[in-house]
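So you can see what is in the structure, the chains are spelled out below.
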Amino acid sequence: MSTRRRERGMFASPVLIGAVTVLVAIVAVFLAYNANNGLPFVPTYDVKVLVPDAAELVKGNDVRVGGKRIGTVAKIKAVKTASGGFASELDLKLEKSVQPGRSDTVVPVRPRSTLGLKYLELKPGRGGRPLAPGDTLALKQAGRIVELDEVLNAFDA
């Protein structure tokens, strides 16, 4: 009777292959789920913006400069202003490449599609003071909210 020695490679076990496959699938699902919030471990430039009305913006909406996506809206909350009224405070997670923003940046809320999607546009200023991470852009820098019906009404008589 001859005994044959069986060599087993690292990936010869179906259980090990299954475990590795499940692990890779979990990591892929995690990254896909969090893709709108930015990839993990990528540094961001976080600033806050005050606007009189969030105008149907939601967490995860784009922040754009000149049509290019440079970040997302991370959080929206109502805050009381010094005059006793209310405004919306938007926490923005922006790419490091736009740092530092300036205090004279204008931020209008604009329509993205006819379905009602919105985005926050940044129109960078040049003369204001630099904004440090965590700083808040003043309410007076909020641009006019552009609604889709205003654009379509421009073609009326």
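The paragraphs below set out a description of the structure included in this document.

Cut-off values and rules
- Residues numbered from 1 in each chain as written.
- Predicted model: local features only at pLDDT ≥ 70, side-chain atom pairs only at ≥ 80, totals over all residues.
- Heavy atoms only, no water.
- 1 Å grid on protein atoms, 1.4 Å probe; cavity = no way out; pocket = protein on both sides within 12 Å on 5 of 7 lines; lining within 4 Å.
- Points joined across faces, edges and corners; volume = space filled by probe spheres on them.
- Helix = DSSP H or I, 4+ residues; strand = E, 2+ residues; numbered from the N terminus.
- Pairing = 2+ DSSP bridges.
- Core = buried A, V, L, I, M, F, W, Y, C linked by side-chain atoms within 4.5 Å.
- Buried < 20%, exposed > 50% of the residue type's maximum accessible area, 1.4 Å probe, protein only.
- Contact = heavy atoms within 4.5 Å.

As a volume, the second largest pocket reaches approximately 180 Å³. Residue lining of the second largest pocket: 18 residues in total, with Val-98, Gly-101, Arg-102, Thr-105 and Leu-122 positioned closest to the centre. Elements with a minimum of two residues in the lining of the second largest pocket: strand E1 (44-51) and strand E4 (86-95). Per-element tally for the lining of the second largest pocket: the top contributor is E1, with 3 residues.

On to the sheet that holds strand E5 (residues 109-111), then. Picture the strands of a sheet paired through backbone hydrogen bonds; they go either parallel or antiparallel. Across the sheet, which stays open at both edges, the 7 strands sit in the order E5-E6-E2-E3-E4-E1-E7 with mixed pairing between neighbours. Sheet topology places E5 and strand E7 (136-137) at the edges, where each strand pairs with a single neighbour. Direction of pairing for E1 relative to E7: parallel, over a ladder of 2 bridges. Within the sheet, the bridge partner assigned to Lys-48 lies in E7 and is Thr-136.

Ranked by internal contacts, the top residues of the largest apolar core, which has 19 residues, are Val-63, Leu-92, Leu-94, Val-107 and Leu-120. Only E1, strand E3 (68-80) and E4 provide two or more residues apiece to this core. In terms of residue count, E1 provides more of this core than any other element does, 4 residues in total. Sequence-distant contacts of Leu-120, that is, excluding residues within four places in its chain, are made with Leu-57, Asp-62, Val-63, Arg-64, Leu-90, Leu-92, Val-107, Pro-108 and Val-109.

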